[in-house]
Structures are given as C-alpha cells and as structure tokens.
Amino acid sequence: MKASLRIDVLLACMALAGIGHGALAQAAEVRDTTVRPLVPAPQTLTPAKGELYFRTVSVQAQGSAPKARQALDAALYALGIPTNGSGSGNGTGSATVRLQLIDDPALGEEGYRLVIGEDITLSARTDTGLLHAVQTLRQLLPARPQRELRLPRLSIADAPAYRWRGVSLDVARSFLPMAYLERHIDRMALFKLNRLHLHLTDDQGWRIQINGYPKLTEIGGGSAVEGGRAGFYTQDELKHLVAYAQARGVTIVPEIDMPGHVQAALASYNTLACDNVTNLAPYSGVEVGFSVLCLEKPEAIYPFVQAVLEQVVAIFPSTEIHIGGDEIKHPLYADFVSRAAAIVDGMGRTPIVWEEGSVATLKPNALLQLWNDGYDIAPAVAKGHPLILSPCSYLYVDHGNHAGQPGADWCRKEGLPLQRVYQFDPAPFKTAVGIEAALWTEFVHTDADTDARLWPRLAAVAELAWSPAGTRDYAGFVQRLDGLRPQLDALGVQYYAEPDLGWNAPAKHK
Ligand code: TNX
C-alpha cells in the first residue's frame, strides 16, 4: 500500500512538472490518494479508477468455503444488504460477489486477492484465505447500514508475515464470561488475529472443568484475585467456544500453567502439594512464584498432569498446547517441564512453554514464548525452537495505555502507549512464528476495563503480525485506524480514547 501511495505521489509530482505526458494520462486515471481504512495494511493495494455503486448483491460461491461464506453472509446481513440482486456493476444497482477457491501456490495457506471492479471477486487457495478477504471487504464497507453502497475500485493481493497473530487472556486471575469471549473472537476476526491463548489456571483460580477432579472447579473455580471475578467453564462451553472461534478463523490455545502458579489446584486437592506445605487456602493476592506441584511426589502429580492434559487435548483441537512453566525455581523444574512436554508430545500435539522452559529437554519443535525483553533466548533459537514473541515492554497490555494508569507497571513504568506497541520489531527473531499480546488480569476485572486495555492496541498487534516488514509507518497506521473507529463502535468496543488518534472527541458516525 505504501509503495502504491509513493508511486502516486511521484506521479503527481511528475504531472505538476509536466513530465511524460502520454504515460501520465493513463496513470492519472488510476490516481487515488485516499487512505483506505485497512488494518492490518495489505501487502499490495493497487487503486483503479472510480467506484462501484450498489444496493443489492448476488453471491456466487465456487468451491466450498463455509467460514468465508458465513462471514460474508453475516457482514451483508448486518448491513441490511439484500442478497437477491441480479446483474452487476453500476447502473444495475447490484453487484456480484464472487468467492472462489483457486489453486495459486503464490497465495500460500492464508493469502488472498480482492478485486473490486464491475463486480467483487475474492479468491484464495483456502477457506481461511477467503475469510481474510471477507474481513478486508468488511473494513472497506461502511460500519452501519446505508441506502446505497460505494466501494473504491481496487485490487489487493495480501498474505500474512506471520502465522501466529495472537492475544492471550488471563481468565484465571479474573474470569471472563463466555459472552465476552465470543465478542472478543468477533473483534479478533475483523483484524485477522488468529490465536486466542486462554490462561486457564493460576494461583487465584482454576477455570476449566476436569472430569474426575470436581473440586478443581468447586473450590478452584470459586476464587479470584481480589476484586476480580470467579467462575469456570464447563467442557461443553469450551467446546462451543472452540467451534465458535474456528468458524471465525481463530484457534483457541489452552494453557495449563505448571508446575508453579498452582495454588488453586493445591487448595482443591491438597495431595498435589508437598506434605510440609501448610498454606493450602485459596489465594486472592497478586504475588507470584510461591506455589508448586510437589515435584518430589511424582506418583501424586503425574497422574493428575496426565488426566488434565488428556481432557484438554480432547476439548481443544489446537496443534499447540501451552504448559506454562513460568516463574518457579526448583531443582526438579527442568525435569518436570521435560516430562510434561513429553506427555503433550505423546498425545500428538506440540508443547508451548514460557521462555524459562528452555532449560528443559525439549524436542526442537517445542515452542518457547518470550516474555522478558532481556531474556537470553539465543541458545533456544540455536536449538531451532520456534518462538512466540510477547516481550513485556511492548506487548504486556495489562500495563497502562499511558503512564500513571492504575495497574501493572513492573515491566515498563511509562506504560505501553499505542505507539510503543507499534514500535516492536519482530524481524530480528529468526525463528519467530509470530507475536502475541498478553492481558494479565490482576488489575483488570470488568468487561469495560478489558476492552480498554485491549483496544485499540490489538489493532497494532495485528499489523505487526500481518503486514510485511518495512511497511511500518505509525502516522499512516493511525490514519487508517481512525477510519475504522466506526467499525469498533458498531462492535460495541469500549476502547481507550487514544489521544494519538484524536479519539478524545466523540466518534463521528458515517
Ligand atoms: C508475569 S508473564 C507473569 C504473570 C503475571 C504478569 C503480570 C508470565 C509468564 N508471568 O504471571 O500475571 O507478569 O504482568
């Protein structure tokens, strides 16, 4: 996009200088310097002359792409656009929307093309690619119903830089209701974010029903961080959420945090703790690093670990399963992480461990999640481990939107303003599969607060993970994101009124 805009500027200068008349007359026809409100920025956007006007559409699907079709139908329905139109192009009042699966290897698994001319053609190799094309089309369409629709004629070819475009939500410190998670998945989809990591267990709460261990949710589900929400998800609810997310191109990645961060489990099943542990009460503070499964009692803890992981794997089809491994020092730590990772591996899945787990014996395909900016991850990279990048000084969105906002500030006292998030550069991490923002919830307890920590910062995360390196331009991003404010409003997002976007003023609705 930036490249095409630059060419436009160049052509405009040449026109002013009266250079190259013939070629310019042609180029001037496609001159279009309007900023399209697309986040993440597509790889290439080539404007064409004019606009396509329509009131109705007819959808033609070629090949089976249920996710894309459902997303398209939902978007058209939300805008009140009738789908019984016939004819295509200006003058007919109707536009054909063509969804086509094509076998073009250049598009990869997630790439797509979107061409708006006399009609609208979305093409990709996969249903997921077509789903991304639909999301781009959604961003070009108005956020609310209009009598007549206008779309700029253009052609977009696009594909993600990274396969992992994630956000993690800590539902353990403070629970988030199912309805919130569904809304959150809808919002992720609009920005092509595709991994929702759920931190399901921690000292303050155990949120996933495990058959055979009812006290995990009876006791562990009943606690929360002080001021936070308690609760748990049944297995049926989680299966529903998995399907809901899948239909929107989002994979839910479950995390069971072990062997530390387990007070809720110890309070529920005391035998998981060592015999000399006297503190077995539910916990609602904000300290970390004090609880641990009794690593000296393998016979007590491994059957538990095995049973929990078996059920987790049965609920979540995600190839990757997160086993935690953060913030605990113990002589048997590395041994535990090695064994837990091997259990996941034996179930045909790939373990993810927080960065500290790099001391364990892991297969090279095990993923490490980086969270301390300064952690020496080079040895793990040398062993070939893929990385998920969540450096706290850029991506820990539990930190304030600005300095002085109440909440976590241990990683960066000045908080993480939008521009700071946008500045993260994943390029130096050669084995990175992508990036993930993390919302810890020690101090974030309501739906509204959750929204205000996540948005608009997740739009920046989406762009870091999707758009090609070298296209980063904060001013341009801000301009494009401002254009999407009506979409966030239409989705009911209670975003932080970011001053860089001029969002202190009430939103103008188109
Ligand atoms: C560090 S990140 C943690 C979490 C806290 C968070 C607060 C990580 C692996 N551990 O347990 O919630 O800081 O910002």
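Residues numbered from 1 in each chain as written. Predicted model: local features only at pLDDT ≥ 70, side-chain atom pairs only at ≥ 80, totals over all residues. Heavy atoms only, no water.

Some points on the packing of helix α5 (residues 178-190) against helix α14 (residues 447-454)
Inference 1: Interhelical geometry of α5 versus α14 gives an angle of 20 degrees and a closest axis separation of 12 Å. Relative to α14, α5 is oriented roughly parallel. Regarding α5 and α14, the two cross each other, and that crossing is right-handed. Facing Y180, R183, H184 and R187 of α5, the residues of α14 in contact are D447, T450, D451 and L454. (Axes fitted to C-alpha atoms, helices over the stretch in contact; angles between N-to-C directions. Helix = DSSP H or I, 4+ residues; strand = E, 2+ residues; numbered from the N terminus. Parallel < 35°, antiparallel > 145°, perpendicular 65-115°, else oblique. Left-handed = near helix turned anticlockwise from the far one by under 90°. Contact = heavy atoms within 4.5 Å.)

Quick notes on the domain arrangement of the protein
Inference 1: Here the protein is described as being made up of domain 1 (7-158) and domain 2 (164-501).
Inference 2: The centre of domain 1, based on its C-alpha atoms, is set 35 Å off from the matching centre of domain 2.
Inference 3: Contacts between the two partners involve 23 residues from domain 1 and, on the opposite side, 27 residues from domain 2.
Inference 4: Together domain 1 and domain 2 conceal approximately 2100 Å² of surface at their shared face, both sides included; 59% is due to carbon and sulfur atoms.
Inference 5: Seen at the junction of domain 1 and domain 2, the total is one salt bridge.
Inference 6: Of the charged contacts in the structure, one is a salt bridge between R165 and E110, with a shortest N-O distance of 2.7 Å.
Inference 7: Counting across the interface, domain 1 meets domain 2 through nine residue pairs in polar contact (both at pLDDT 80 or more).
Inference 8: Of all the secondary-structure elements, those providing two or more residues to the side of domain 1 that touches domain 2 are α3 (66-78) and α4 (127-140).
Inference 9: No other element matches α4, which puts six residues into the side of domain 1 that touches domain 2.
Inference 10: Grouping the amino acids of the side of domain 1 that touches domain 2 by side-chain chemistry returns 11 nonpolar, six polar and six charged. (Domains from an automatic or database assignment. Buried area = accessible area lost by both parts, 1.4 Å probe. Salt bridge = Lys/Arg side-chain N within 4 Å of Asp/Glu carboxyl O. Polar contact = N/O pair within 3.5 Å; in protein donor to acceptor, adjacent residues only side chain to side chain. Nonpolar A, V, L, I, M, F, W, Y, C, P; charged D, E, K, R; others polar.)

Digging into unusual backbone geometry
Inference 1: Omega for the peptide link from V39 to P40 comes to 0 degrees, which places this bond in the cis form.
Inference 2: Residue position: P40 is located in the loop between α2 (21-29) and β1 (44-54).
Inference 3: Although it is not a glycine, H261 adopts a positive phi angle of roughly 55 degrees.
Inference 4: Here H261 is to be found in the loop between β11 (251-258) and α8 (263-268).
Inference 5: Note on H261: relative accessible area 2%, which makes it buried.
Inference 6: We note that E327 has phi near 50 degrees; this positive angle belongs to a residue other than glycine.
Inference 7: Along the chain, E327 falls in the loop between β12 (320-324) and α10 (333-346). (Buried < 20%, exposed > 50% of the residue type's maximum accessible area, 1.4 Å probe, protein only.)

A look at the state of the cysteines
Inference 1: Using the criterion set out here, one finds two disulfides in the structure.
Inference 2: Covalent S-S linkage joins C274 and C294, the inter-sulfur distance amounting to 2.0 Å. Around the S-S axis, the bridge from C274 to C294 shows a dihedral of about 90 degrees and counts as right-handed. With a gap of 20 residues between them, C274 in the loop between α8 and α9 (298-315) and C294 in the loop between α8 and α9 connect regions that are remote in the sequence. Each of the two residues, C274 as well as C294, counts as buried.
Inference 3: The disulfide that involves C392 links it to C411, with 2.1 Å between the sulfurs. Note on the C392 and C411 pair: the S-S dihedral is about 70 degrees, so by sign convention the disulfide is right-handed. Separated by 19 residues along the polypeptide, C392 in helix α12 (residues 392-395) and C411 in the loop between α12 and α13 (418-422) bring together distant segments of the chain.
Inference 4: C392 gets classed as buried once you look at its relative accessible area, which sits at 2%. (Disulfide = S-S within 2.5 Å.)

A closer look at the nonpolar core
Inference 1: Ranked by size, the top nonpolar core spans 105 residues in total, and within it F191, W206, I208, F336 and F477 carry the most contacts.
Inference 2: The biggest single contributor to this core is α9, with 10 residues.
Inference 3: Among the nonpolar cores identified, the runner-up in size contains 34 residues, and A65, A68, A71 and A124 belong to it. (Core = buried A, V, L, I, M, F, W, Y, C linked by side-chain atoms within 4.5 Å.)

A closer look at the sheet that holds strand β6 (residues 149-158)
Inference 1: Strand order in this open sheet of six strands is β1-β6-β4-β5-β3-β2, and the pairing throughout is mixed. Every other strand in the sheet has two partners, leaving β1 and β2 (56-62) as the edge strands with one partner each. Put simply, the sheet's adjacent strands are angled 20 degrees from each other on average, direction ignored.
Inference 2: Judged from the five bridges that link them, strand β3 (residues 94-101) and strand β5 (residues 120-124) form a sheet pairing that is parallel. Counted as the bridge partner of L101 is A124 from β5. (Pairing = 2+ DSSP bridges.)

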